[in-house]
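So the chains spell out like this:
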Amino acid sequence: MRAVDALRPGGLLVAVPGRPAPPRVAEAAQAAAVRVPPFPVEPDGAGLATIANLLANGAVEAEAAEVFDLEEVAKTREAGQAGQAGHARGKIVLRVRH
(Lines give C-alpha, C1' and ligand atoms only; values in the text may rest on other atoms or scores of the structure.)
Protein backbone atom coordinates (compact mmCIF):
# COMPACT_ATOMS: atom_id res chain seq x y z
CA MET A 1 0.00 0.00 0.00
CA ARG A 2 1.73 3.14 -1.20
CA ALA A 3 -0.22 5.46 1.10
CA VAL A 4 0.69 3.38 4.15
CA ASP A 5 4.32 2.96 3.05
CA ALA A 6 4.68 6.75 2.77
CA LEU A 7 3.96 7.25 6.47
CA ARG A 8 6.28 6.93 9.45
CA PRO A 9 5.36 4.52 12.25
CA GLY A 10 2.63 6.19 14.28
CA GLY A 11 1.59 8.26 11.24
CA LEU A 12 -2.03 8.96 10.44
CA LEU A 13 -3.79 8.09 7.17
CA VAL A 14 -7.03 10.02 6.68
CA ALA A 15 -9.19 9.99 3.57
CA VAL A 16 -11.59 12.83 2.77
CA PRO A 17 -14.42 12.05 2.74
CA GLY A 18 -13.62 9.57 5.46
CA ARG A 19 -15.03 6.08 5.66
CA PRO A 20 -13.77 2.87 7.21
CA ALA A 21 -10.59 1.64 5.53
CA PRO A 22 -10.91 -1.45 3.34
CA PRO A 23 -9.60 -4.58 5.12
CA ARG A 24 -6.38 -4.70 3.04
CA VAL A 25 -5.56 -1.07 3.94
CA ALA A 26 -6.35 -1.66 7.60
CA GLU A 27 -4.14 -4.77 7.66
CA ALA A 28 -1.24 -2.96 5.94
CA ALA A 29 -1.62 -0.03 8.33
CA GLN A 30 -1.55 -2.31 11.37
CA ALA A 31 1.57 -4.08 10.08
CA ALA A 32 3.29 -0.71 9.54
CA ALA A 33 2.14 0.72 12.91
CA VAL A 34 0.17 3.43 11.07
CA ARG A 35 -3.16 4.73 12.35
CA VAL A 36 -6.22 4.68 10.08
CA PRO A 37 -9.20 6.19 11.89
CA PRO A 38 -12.47 4.30 11.40
CA PHE A 39 -14.56 7.44 11.74
CA PRO A 40 -15.78 9.88 9.07
CA VAL A 41 -13.70 13.02 8.63
CA GLU A 42 -15.48 16.11 7.39
CA PRO A 43 -13.43 18.72 5.53
CA ASP A 44 -13.47 22.28 6.86
CA GLY A 45 -12.25 25.56 5.42
CA ALA A 46 -9.42 26.09 7.90
CA GLY A 47 -8.16 22.53 7.52
CA LEU A 48 -8.29 22.71 3.74
CA ALA A 49 -6.44 26.06 3.82
CA THR A 50 -3.71 24.41 5.92
CA ILE A 51 -3.45 21.57 3.41
CA ALA A 52 -3.31 24.09 0.54
CA ASN A 53 -0.43 25.91 2.27
CA LEU A 54 1.46 22.65 2.82
CA LEU A 55 1.06 21.81 -0.86
CA ALA A 56 2.04 25.33 -2.00
CA ASN A 57 5.17 25.29 0.20
CA GLY A 58 6.21 21.84 -1.02
CA ALA A 59 5.93 20.30 2.46
CA VAL A 60 3.66 17.60 1.01
CA GLU A 61 2.99 16.43 -2.52
CA ALA A 62 -0.19 15.19 -4.16
CA GLU A 63 -0.11 12.96 -7.21
CA ALA A 64 -2.41 14.14 -9.99
CA ALA A 65 -3.12 11.83 -12.91
CA GLU A 66 -4.64 14.61 -15.01
CA VAL A 67 -5.42 18.33 -14.61
CA PHE A 68 -8.27 19.91 -16.55
CA ASP A 69 -9.48 23.52 -16.62
CA LEU A 70 -13.09 23.57 -15.45
CA GLU A 71 -14.13 25.62 -18.50
CA GLU A 72 -12.73 22.96 -20.79
CA VAL A 73 -14.41 20.04 -19.04
CA ALA A 74 -17.77 21.11 -20.42
CA LYS A 75 -16.29 20.97 -23.93
CA THR A 76 -14.63 17.57 -23.63
CA ARG A 77 -15.39 14.15 -22.26
CA GLU A 78 -11.70 13.41 -21.71
CA ALA A 79 -11.87 14.17 -17.98
CA GLY A 80 -14.75 11.78 -17.39
CA GLN A 81 -13.21 9.09 -19.54
CA ALA A 82 -9.89 9.33 -17.68
CA GLY A 83 -11.61 8.83 -14.34
CA GLN A 84 -13.82 5.99 -15.57
CA ALA A 85 -10.97 4.06 -17.16
CA GLY A 86 -9.85 3.03 -13.69
CA HIS A 87 -6.19 3.20 -14.65
CA ALA A 88 -5.49 6.75 -13.45
CA ARG A 89 -2.63 7.06 -10.97
CA GLY A 90 -3.54 9.89 -8.64
CA LYS A 91 -6.60 12.09 -8.65
CA ILE A 92 -8.35 13.81 -11.53
CA VAL A 93 -8.03 17.55 -10.82
CA LEU A 94 -10.37 20.29 -12.06
CA ARG A 95 -8.62 23.66 -12.04
CA VAL A 96 -10.90 26.63 -11.24
CA ARG A 97 -9.67 30.07 -12.25
CA HIS A 98 -11.13 33.18 -10.67
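Residues numbered from 1 in each chain as written. Predicted model: local features only at pLDDT ≥ 70, side-chain atom pairs only at ≥ 80, totals over all residues. Heavy atoms only, no water.

Draft legend 1. Here's a closer look at the environment of Val93. Looking at the secondary structure, you find Val93 in strand β2 (residues 91-95). With 27 residues separating them along the chain, Val93 and Glu66 place their C-alpha atoms 6.1 Å apart. Setting aside residues no more than four positions away along its own chain, Val93 makes contact with Ala64, Glu66, Val67 and Phe68. (Helix = DSSP H or I, 4+ residues; strand = E, 2+ residues; numbered from the N terminus. Contact = heavy atoms within 4.5 Å.)

Draft legend 2. Examining the confidence of the model for the protein chain more closely. Predicted confidence across the protein chain gives a mean pLDDT of 76, with 68% of residues reaching 70 or more. When mean pLDDT is compared element by element in the protein chain, helix α3 (residues 45-56) scores highest at 88, while helix α5 (residues 78-84) scores lowest at 60. (pLDDT = per-residue confidence, 0-100.)

Draft legend 3. Focus on α3. With 12 residues, α3 extends 16 Å between its outermost C-alpha atoms, agreeing within 8% with the 16 Å of an ideal straight helix rising 1.5 Å per residue. Near the N-terminus of α3, the side chain that reaches the backbone nitrogen of Ala46, with its oxygen 3.1 Å away, is that of Asp44. Backbone geometry just after α3 places Gly58 at a positive phi near 80 degrees. (Expected span 1.5 Å × (residues − 1). Polar contact = N/O pair within 3.5 Å; in protein donor to acceptor, adjacent residues only side chain to side chain.)

Draft legend 4. Local environment of a nonpolar patch on the surface. A cluster of nonpolar residues, Leu48, Ile51, Leu54, Leu55 and Val60, forms a patch on the protein surface that exposes about 390 Å² of accessible area. Examined against the element boundaries, Leu54 turns out to sit in helix α3. On the basis of relative accessible area, Leu54 is assigned to the partly exposed category, the value being 36%. (Patch = residues over 30% accessible without salt bridge, like charges linked within 9 Å, V, L, I, M, F, W, Y side chains within 5 Å. Areas by Shrake-Rupley, 256 points an atom, 1.4 Å probe, with all protein chains shown as cover. Salt bridge = Lys/Arg side-chain N within 4 Å of Asp/Glu carboxyl O. Buried < 20%, exposed > 50% of the residue type's maximum accessible area, 1.4 Å probe, protein only.)

Draft legend 5. Structural context of unusual backbone geometry. One non-glycine residue, Ala33, adopts positive backbone phi at about 60 degrees. Secondary-structure assignment places Ala33 in the loop between α2 (23-31) and α3.

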